[in-house]
There are 2 protein chains.
Amino acid sequence: MKKQQGALLTSIKIDRSARKKIGVQLYMGLRDIILTGGLMAGDRLPATRTLAKEIQVSRTTVIDAIDRLVAEGLLESRVGAGTYVSEILENQRPVTPNVDTAQFTETRPRLAHNLTHATETYAPRSWLPHTTGAFVTALPALDAFPMAHWARLSARHLRGSRDDIMGYGQPKGLLQLRNAIATHLNASRGIRCHSEQIFITAGAQQAFSLIGSVLLNAGDQVWYENPGAAGARNAFLSRGAQMVPINVDKDGLIVSQGVQKSPHFRLAFVTPSHQQPLGHVMSLARRLELLDAANTAQAMIVEDDYDGDFYFGGQPHPPLKSIDTQSRVIYVGTFSKTLFPSLRLGFMLVPDGLIDTFDHLFASWISTAPTSVQSIVADFMDEGHFATHIRMMRRLYSARYDAMIDASKHMPDSFTLGETKSGFHTMGYLNKNADEQNLVRAAGENGVIVAPLNRYCLTPIAQKGLVLGFGSSTPEQINAGMKTLAKLVRHKI
Amino acid sequence: MKKQQGALLTSIKIDRSARKKIGVQLYMGLRDIILTGGLMAGDRLPATRTLAKEIQVSRTTVIDAIDRLVAEGLLESRVGAGTYVSEILENQRPVTPNVDTAQFTETRPRLAHNLTHATETYAPRSWLPHTTGAFVTALPALDAFPMAHWARLSARHLRGSRDDIMGYGQPKGLLQLRNAIATHLNASRGIRCHSEQIFITAGAQQAFSLIGSVLLNAGDQVWYENPGAAGARNAFLSRGAQMVPINVDKDGLIVSQGVQKSPHFRLAFVTPSHQQPLGHVMSLARRLELLDAANTAQAMIVEDDYDGDFYFGGQPHPPLKSIDTQSRVIYVGTFSKTLFPSLRLGFMLVPDGLIDTFDHLFASWISTAPTSVQSIVADFMDEGHFATHIRMMRRLYSARYDAMIDASKHMPDSFTLGETKSGFHTMGYLNKNADEQNLVRAAGENGVIVAPLNRYCLTPIAQKGLVLGFGSSTPEQINAGMKTLAKLVRHKI
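Residues take numbers from 1 onward in each chain, read along the sequence in its written order. Chains and ligands are labelled by the order in which they are written, letters from A for the one and numbers from 1 for the other. For this predicted model, a pLDDT threshold of at least 70 governs which residues receive local features, and a threshold of 80 or more governs which side-chain atom pairs are given and counted, while totals over whole chains, interfaces and linings are taken from all residues. The basis for every side-chain value is the complete set of non-hydrogen atoms in the structure, without hydrogens or water.

A.B. asks: With reference to specific residues and values, describe the overall build of chain A.
C.D. replies: Along its length, chain A carries 19 helices and 14 strands. The 493 residues of chain A split such that 61% are buried. Contacts: residue pairs with any heavy atoms within 4.5 Å of one another. When contacts within chain A are restricted to residue pairs at least 6 apart in sequence, long-range pairs at least 24 apart make up 73% of them. Here the open area of atoms and residues is found with the Shrake-Rupley method and a 1.4 Å probe, where only the protein chains shown may cover a residue. When the accessible surface of chain A is summed, it comes to about 18,700 Å², and 50% of that surface belongs to carbon and sulfur atoms. The numbering of helices and of strands both runs from the N terminus, where a helix is a DSSP run of H or I of at least 4 residues and a strand a run of E of at least 2. The buried label goes to any residue with under 20% of its type's maximum accessible area, the exposed label to any with over 50%, and the partly exposed label to all in between, with areas taken from a 1.4 Å probe on protein chains only.

A.B. asks: Would you mind going over the confidence of the model for chain A in detail, with residue names and values included?
C.D. replies: Residues and elements named next belong to chain A. Chain-level pLDDT for chain A is 87 on average; 88% of the residues reach the 70-or-more range. Confidence of the predictor at the level of single residues is captured by pLDDT, which takes values from 0 to 100. For the stretch residues 1–7, pLDDT sits under 50, and the model shows nine contacts to residues farther than four places along the chain or on other chains. Segment residues 94–100: pLDDT under 50, and 16 contacts once partners within four positions in sequence are set aside and those in other chains are kept. Quick note on the complex model: pTM equals 0.88, ipTM equals 0.87.

A.B. asks: Give me the lowdown on the environment of Ala299(A), citing residues and values where you can.
C.D. replies: Residues and elements named next belong to chain A. Within the secondary structure, Ala299 sits in the loop between helix H13 (284–297) and strand S8 (300–304). The class for Ala299 is buried, based on a relative accessible area of 0%. When the C-alpha positions of Ala299 and Ile390 are compared, they lie 33 Å apart, and in sequence the two are 91 residues distant.

A.B. asks: Summarise the packing of aromatic side chains; cite the residues concerned and give the values.
C.D. replies: To pair, rings of Phe, Tyr and Trp, with the six-membered ring standing in for Trp, must have centres within 6.5 Å; the planes then decide the type, stacked if under 30 degrees apart, edge-to-face if over 60, and tilted in the middle. Counted according to the given criterion, the structure contains 38 aromatic pairs over all chains. With a centroid separation of 5.1 Å and 85° between ring planes, the pair formed by Phe310(A) and Tyr397(A) is classed as edge-to-face. Note that Phe310(A) is positioned in the loop between S8 and strand S9 (329–334) and Tyr397(A) in helix H17 (residues 385–407), a separation of 87 residues in sequence. In terms of burial, Phe310(A) and Tyr397(A) fall into one category: buried. Aromatic ring contacts, followed pair by pair, group Phe145(A), Trp150(A), Phe340(A) and Phe380(A) into a single cluster. Here, a charge over a ring is recorded when the distance from Lys NZ or Arg CZ to the ring centre is within 6 Å and its angle to the ring normal is within 35 degrees. Over the aromatic face of Tyr84(A) sits the side chain of Arg78(A), whose NZ or CZ is 3.9 Å from the ring centroid. Over the ring of Phe199(B) we find Lys172(B); its NZ or CZ atom is 4.3 Å from the centre of that ring.

A.B. asks: Help me get a handle on the domain arrangement of chain A, residues and values and all.
C.D. replies: In many reports, interface size means the accessible area that the parts give up when they come together. All names here are of chain A. Residue ranges for the domains trace back to a domain assignment, done automatically or taken from a database. Taken domain by domain, chain A holds domain 1 (22–91), domain 2 (146–386) and domain 3 (388–490). Domain 2 and domain 3 are separated by 26 Å when their C-alpha centres are compared. Across the boundary between the two partners, domain 2 contributes 31 residues, which contact 25 residues of domain 3. By buried area we mean how much accessible surface two parts lose on assembly, using a 1.4 Å probe and totalling the loss over both. Summed over both sides, the interface between domain 2 and domain 3 buries roughly 2,500 Å², with carbon and sulfur atoms accounting for 62% of that surface.

A.B. asks: Account for the packing of helix H9 (residues 175–189) of chain A against helix H16 (residues 371–382) of chain A, naming residues and giving values.
C.D. replies: When two helices pack together, their arrangement is given by the angle between their axes and by how far apart the axes lie. All names here are of chain A. Note on definitions: angles span 0 to 180 degrees between N-to-C directions of axes, and those axes are lines fitted to C-alpha atoms, for helices only across the stretch in contact. Packing of H9 against H16 leaves a shortest axis separation of 8 Å and a crossing angle of 40°. Our classification of the angle between H9 and H16 gives oblique. The two elements H9 and H16 meet at a crossing, and its hand is left-handed. Mapping the contact onto sequence places Gln176, Leu177, Ala180, Ile181 and His184 in H9 and Gln374, Val377, Ala378, Asp379, Met381 and Asp382 in H16. Residues are grouped as follows: nonpolar covers Ala, Val, Leu, Ile, Met, Phe, Trp, Tyr, Cys and Pro; charged covers Asp, Glu, Lys and Arg; every other residue, Gly included, is treated as polar. Here the residues of the contact of H9 with H16 are counted per class, giving six nonpolar, three polar and two charged. Roughly parallel means an angle under 35 degrees; roughly antiparallel, over 145; roughly perpendicular, 65 to 115; everything else is oblique. By convention, the crossing between two helices is left-handed when the near helix turns anticlockwise from the far helix through less than a right angle, and right-handed when the turn is clockwise.

A.B. asks: Got a sec to walk through the packing of helix H7 (residues 147–157) of chain A against H16(A)? Specific residues and values, please.
C.D. replies: All names here are of chain A. Running from N to C, H7 and H16 point in directions that differ by 125°, and their axes come no closer than 9 Å. Between H7 and H16, the angle falls in the class oblique. You can see that H7 and H16 cross each other, and the crossing is right-handed. Between H7 and H16, the residues in contact are His149, Trp150, Leu153, Ser154, Arg156 and His157 and Thr371, Ser372, Ser375, Ile376, Val377, Asp379 and Phe380, respectively. Of the residues contributing to the contact of H7 with H16, the split by class is five nonpolar, six polar and two charged.

A.B. asks: Tell me about the pairing of S9(A), residues and numbers included.
C.D. replies: All names here are of chain A. Burial of S9 is extensive: six of the six residues sit out of reach of the surface. We treat two strands as partners when DSSP finds at least two bridges between them. Two strands pair when backbone bridges link them, and S8 and S9 are joined in this way by four bridges, in the parallel orientation. Looking at the pairing, Ile301 lines up with Val329 of S9. Sheet topology places S9 next to strand S10 (residues 346–349); four bridges connect them, and they run antiparallel. When the bridges of S10 are listed, Thr334 appears paired with Gly346.

A.B. asks: Explain the sheet that holds strand S12 (residues 425–430) of chain A to me, and be specific about the residues and the numbers.
C.D. replies: Residues and elements named next belong to chain A. With antiparallel pairing, four strands are arranged side by side in an open sheet as S11-S12-S14-S13. Single-partner strands in this sheet number two, and they are strand S11 (416–417) and strand S13 (451–452). Summarising the sheet, S12 and strand S14 (residues 464–469) pair through six bridges and their orientation is antiparallel. Residue His425 lies in a different strand from S14, and its bridge partner there is Gly469.

A.B. asks: Before we move on, can you summarise the sheet that holds strand S11 (residues 416–417) of chain B with the specific residues and values?
C.D. replies: Strands sit in the order S11-S12-S14-S13 (chain B) across an open sheet of four strands; the sheet is antiparallel. At either end of the open sheet lies a strand with only one pairing partner, and these are S11 and strand S13 (451–452) of chain B.

A.B. asks: Help me get a handle on unusual backbone geometry, residues and values and all.
C.D. replies: Put simply, Ala134(A) and Phe135(A) share a cis peptide bond, and its omega is -5°. Structurally, the position occupied by Phe135(A) is in the loop between helix H6 (110–121) and H7. Following Asn226(A), the chain continues into Pro227(A) via a peptide bond in cis, with omega recorded as 0°. By the secondary structure assignment, Pro227(A) is in the loop between strand S4 (221–226) and helix H11 (230–237). Positioned with a positive phi, Gln56(B) is a non-glycine residue whose angle comes to about 60°. With respect to the element layout, Gln56(B) can be found in the loop between helix H3 (48–55) and helix H4 (59–72). The exposure class of Gln56(B) is exposed, given its relative accessible area of 63%. Despite not being glycine, Ala138(B) shows a phi value in the positive range, around 70°. Following the sequence through the fold, Ala138(B) ends up in the loop between helix H6 (110–121) and helix H7 (147–158).

A.B. asks: How would you explain the pattern of salt bridges if you had to name every residue and give the values?
C.D. replies: The salt bridge definition used is simple: a Lys or Arg side-chain nitrogen within 4 Å of an Asp or Glu carboxyl oxygen. This model, assessed by the stated rule, comprises 36 salt bridges over all chains. One salt-bridge network, held together by shared partners, links Lys172(A), Arg178(A), Glu196(A) and Asp359(A).

A.B. asks: Pulling in residues and values, what's your account of the side chain of His274(A)?
C.D. replies: Residues and elements named next belong to chain A. Residue placement: His274 occurs in the loop between strand S7 (267–270) and H13. Residue classification places His274 among the buried positions, given a relative accessible area of 1%. A distance of 3.1 Å separates a polar side-chain atom of His274 from the backbone oxygen of Ser422. Under this definition, polar contacts are N or O atom pairs within 3.5 Å; protein pairs additionally need one hydrogen-donor-capable and one acceptor-capable atom, and for neighbouring residues in sequence, both atoms have to be side-chain atoms.

A.B. asks: Requested: an account of the side chain of Arg189(B), with residues and values cited.
C.D. replies: You can see Arg189(B) is positioned in helix H9 (residues 175–189). For Arg189(B), the residues in contact, after removing those within four places along its chain, are His184(B), Ser273(B), Asp305(B), Gly308(B), Asp309(B), His317(B), Pro319(B), Ser322(B) and Tyr331(B).

A.B. asks: Describe helix H2 (residues 22–35) of chain B, naming the residues involved and giving the relevant values.
C.D. replies: Residue and element names in this part refer to chain B. Counted at 1.5 Å a residue, the expected span for H2 with its 14 residues is 20 Å, and the 20 Å between its end C-alpha atoms agrees. Burial analysis of H2 places 11 of its 14 residues in the buried class, which makes it a mostly covered element. Listing the buried residues of H2 in full gives Val24, Gln25, Leu26, Tyr27, Met28, Gly29, Leu30, Arg31, Ile33, Ile34 and Leu35. Looking one or two residues past H2, Gly37 carries a phi angle of roughly 85°, positive in sign. By this rule, a helix spans an expected 1.5 Å times one less than how many residues it contains.

A.B. asks: Now, about the pairing of S7(A): what can you tell me, with residues and values included?
C.D. replies: Put simply, side chains in a regular strand alternate between the two faces of the sheet. Residues and elements named next belong to chain A. Covered by surrounding structure in S7 are Leu267 and Phe269 together with Ala268 and Val270, the residues of both alternating faces. Pairing between S4 and S7: three bridges, direction parallel. Bridge pairing in S7 links Val222 to Leu267. With four bridges joining them, S7 and S8 adopt parallel strand pairing. Within S8, the residue paired with Phe269 across the bridge is Val302. In terms of handedness, the path from S7 via H13 over to S8 forms a crossover that is right-handed. By definition, the crossover connecting two strands over a helix is right-handed if that path, from the first strand to the second, turns clockwise as seen with the strands pointing away from the viewer.

Printed below as a string of structure tokens:
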């Protein structure tokens, strides 16, 4: 007994510089010793006076900690006889604390396994951009956002009815926002739709995951652009889908190749407005061919229209969804590009025949988008700020693309700037013997962020290149960045 | 040809009272006719002048609509020869528009099927509370929230660095918030943890879904309290888990029954601080027994501590996680009760051995909680408002529970108010022959919202009762509500 009491006293470490209160440290230290078998059921604790002296804390602190453990049932006070470890702990075997949960990582369920495989194979975790500048992809012009309007709408939201702003919202999203999105899609994108078809999601990424979980069984074949977007790929892979890489040319996804490789596909994922990452616009003929193929296979199509609002050519091309007479297309939009990424807000537009299924999904899931974010975005749209912002950003991105063309004069002949008329990224094509990885690394060391084309590939392609974002870069940054790149490409790094 | 032109002209409906511009209506009307085969490849359009006259719109409007369709490639202009439907459409078969996607709902993938089954069988969609008052469950005291502090923090957030407040955040959540939560759990709940173990989720519900997707394969057995929480149930059911209902007594989940019914369980879901919905606190002996059973079966435990911060008895009971020496427990918390539901913010604390797996999941998923919400909550915690609010709410809910006891004097003897020392709901036990459904309906018609106990059951239990929330009700509302209930119970409705 004496020995155990001695062991107890010295093994409690009190860190006087820690933020955690000494009393809490003592309580947790005592508790851990009891739970891990350092003191056994029936063992008597030293007198509080002794404990206080040896640990060098006040007696009140010791008494408080012991009282708490008595209240919790781990210790028992016997009147006039001191404090004992509770008999409840009789059957507790001393165990090694913090045993690893290895069996869960070794015999992973399929989803965890698929996910780990997907992220390890294709998409390193360092991916998401978090600083602006040349040539970061996927970030819009944060500096040009009308933050004053936004702050005003945000403050107004907080002055609303408490039930509305604080309570549980509608599972599929705020009706005001769904109406605003339906109006925008009808007016600006030529998509006939109504608000019941619209489901608010936490960004496009969540939409892809939810679509995958509703439409895909393990082993189902998914046509996927190669190269193509990374986020949706992981979402479908995590469902155990079999990804079928389909090549892309100037007209978009080569549908005939898909029909040949995988006639019984279940889903096709495409970015028709602005192929991610190559930047091509899918031709009308190809769009009709894809719709026809989906109809024949009774498959669905996911249209990711991530930056279709930013077409700065002439007349924008109509979304696939707008010519989808057979209800084969689920249209996915995001506010990450039109507003900003930290909103984590997107939406999907599903055919009438699938509304019920997604309603069930969302009823079980509960909407994941905070009401504040939905409400502010809805007001932003209803009051016309959204349309104004889109128009201004179209001009800005067009000007920044012109700066890209201008700055590309620094580049050697082995480099070709890709053409684009939409969004805020384009390709920088390289010679077939270029070393993308090395170039990306060397550019990074010189403060220029570029993404290698192969990061977007399911299977390797011959073409070498860099994906260059220009949304969040000033013309000066673009010019300086291109000079840096030029030096590296010229020296064949 | 003449005939087709006639058909075209009359089938376009222009609604002059609609919000949609007439030009857009005309464009969409023409487009739909072309796509659905009302006009075939090579067909010639009437002269713009003729069209304008017959549809009674200006010629400019007609020209604009046709120009757009030419730009999109659906029409072709031949100089001096008029406008024709594009040859691209040659292979388009006339199809019936808006075909139903029946094959997707008939041959549903497992997840969609499970979800539909789960929500249809157990949890109707009308469930989520959205108005305050007697006796709405799951809603905290919205009226007592320090909205002025909140608004100030919100405004300050919007004055921060644009990269920080607008860019992509960390996949597992804002570090500042994860630190604040770890500090709170260490200091207030006695849980030793660090911020890498914490993953920010869009409410507890998303945490349950993600846990299910990582740990469960179809057919895995899950111990589930009967009666028990509804949200987590749907999340696990949607993974195809086999739910094993385990009865609950005053000491919480009857572990011995679980061991007998399902010794090889994979997961146990419990609400030890405040059993949902019965309100019992799980005894220490039962907690140790559960940890032991999980260890033997190499299973994991999900601890849903949804209102453990609101213990208004004496010393709060320690969470299961705080005595989890074997890393068997995933602890799930929510801000829906401590702050408010529309935040859609929660978190989970996973054992060190599972951090990697969840990091992969979140890397693929991207954090779904907006930075603004995370940042404001983190400041709210760091500046002490959170602790102050919790302390005030503890007193408020204690007072509101006293009002419940006081008002229950109106009730007949066939009604017994359940005891509780935590949170903001309790039971109203009824005679075994009471008709819960009828009572719930009749109460609702009289403006009193109550939930039937059977809604929380996986398998029927003999006990009849109502779940009564008192978080968002004033003492006056509680008194009036109880009078209404008394009348209904007395008349055996």
